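Single-letter residue listing:
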Amino acid sequence: MAKNIEIKARLDSIAAVLPLAAQLADQGPFEIIQDDTFFVCANGRLKLREFAGGDGELIFYRRPDALGPKASHYLLVPTREPETLRQVLTQAYGQIGRVRKHRTLFLAGRTRIHLDCVQGLGDFLELEVVLAEHEAEAAGVAEAEDLLARLAIKRNQRIEVAYPDLLRQTGDAC
């Protein structure tokens, strides 16, 4: 399975972080509209991501709910029929949530910097430091921490759970 180090943080405003992310980035910004459907999954998280253009990807991942940077192990499969796949997975497993967001993506070396405006939740930053196959997690954690500091993200902005969990906490199932 592929592995990255990821962390999410709540933002007061994407506009405040956007110029800092742009300064750090080698590529971007890329604007992406995403509609993620999460399904019941006993061994991790299973989501179907549909893009505005009609393509999608099925993503299975495992990661702990923790406040700091954490390892996420994942598998990703592209699909040209996300709506049909959503229907099949809903019938087979049941949905547990849906997250719609506008994502501004920057690439800073091997790190994906996501600035997300999440429907029903607000603005967030997510970092994903992609690790090499046998690379120690500590290297990715150090890189994530450095980027958080350079993006002026404070510890009290960090969140430990995924977007669908936050939506359930707020009572907005999207």
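See the structure shown above.
This text gives an overview of the structure that appears in the document.

## Some words on the overall build of the protein
Here is step 1 of the chain: Assigned secondary structure in the protein consists of four helices and nine strands.
Here is step 2 of the chain: Taken from N to C terminus, the helices and strands of the protein fall in the order β-α-β-β-β-β-α-β-β-β-α-β-α.
Here is step 3 of the chain: The C-alpha radius of gyration of the protein comes to 16 Å, within 12% of the 16 Å expected for a compact globule of 174 residues.
Here is step 4 of the chain: The dimensions of the protein, computed from C-alpha atoms along their principal axes, are 45 × 35 × 30 Å.
Here is step 5 of the chain: Taking all 174 residues of the protein together, the buried fraction comes to 47%.
Here is step 6 of the chain: For the protein, long-range pairs separated by at least 24 residues make up 63% of all intrachain contacts whose partners lie at least 6 apart in sequence.
Here is step 7 of the chain: Total accessible area on the protein stands at roughly 8600 Å², and carbon and sulfur atoms take up 54% of it.
Here is step 8 of the chain: Within the protein, the 25 negative side-chain charges are centred at a point lying 3 Å from the centre of the 22 positive side-chain charges.

## Comments concerning the environment of Leu127
Here is step 1 of the chain: As for its placement among the helices and strands, Leu127 is situated in strand S8 (residues 122–130).
Here is step 2 of the chain: Remark: the alpha-carbon pair of Leu127 and Arg112, spanning 15 residues in sequence, is separated by 5.8 Å.

## Some remarks on the pattern of salt bridges
Here is step 1 of the chain: Applying the stated rule across the entire model yields 22 salt bridges.
Here is step 2 of the chain: In this structure, the salt-bridge partner of Asp165 is Arg45, at a minimum N-O distance of 2.6 Å. Of the two residues, Asp165 is situated in helix H4 (residues 163–170) and Arg45 in strand S3 (residues 45–51); the sequence distance between them amounts to 120 residues. With respect to class, Asp165 is no different from Arg45; both count as buried.
Here is step 3 of the chain: When salt bridges with common partners are traced through the structure, they connect Glu6, Arg45, Arg63, Asp65, Asp165 and Arg168 into a single cluster.

## Re the environment of Leu107
Here is step 1 of the chain: As for its position among the elements, Leu107 is in strand S6 (residues 95–108).
Here is step 2 of the chain: Measuring from C-alpha to C-alpha, the distance between Leu107 and Ile14 comes to 16 Å, with 93 residues separating the pair along the chain.
Here is step 3 of the chain: Leave out the neighbours within four places in its chain, and Leu107 touches Ala25, Asp26, Gln27, Phe30 and Arg112.

## A closer look at the side chain of Lys101
Here is step 1 of the chain: In this fold, Lys101 is placed in strand S6.
Here is step 2 of the chain: Of the polar contacts made by the side chain of Lys101, one reaches the side chain of Asp36; its length is 2.7 Å.
Here is step 3 of the chain: Residues within four places of Lys101 in sequence aside, it is in contact with Ile32, Ile33, Gln34, Asp36, Arg49, Asp116, Cys117, Val118 and Tyr163.

Definitions and cut-offs
Residues numbered from 1 in each chain as written. Predicted model: local features only at pLDDT ≥ 70, side-chain atom pairs only at ≥ 80, totals over all residues. Heavy atoms only, no water. Helix = DSSP H or I, 4+ residues; strand = E, 2+ residues; numbered from the N terminus. Rg over C-alpha atoms; globule rule 2.2 N^0.38 Å. Buried < 20%, exposed > 50% of the residue type's maximum accessible area, 1.4 Å probe, protein only. Contact = heavy atoms within 4.5 Å. Areas by Shrake-Rupley, 256 points an atom, 1.4 Å probe, with all protein chains shown as cover. Lys, Arg positive; Asp, Glu negative; His and termini not counted. Charge placed at Lys NZ, Arg CZ, Asp CG, Glu CD. Salt bridge = Lys/Arg side-chain N within 4 Å of Asp/Glu carboxyl O. Polar contact = N/O pair within 3.5 Å; in protein donor to acceptor, adjacent residues only side chain to side chain.

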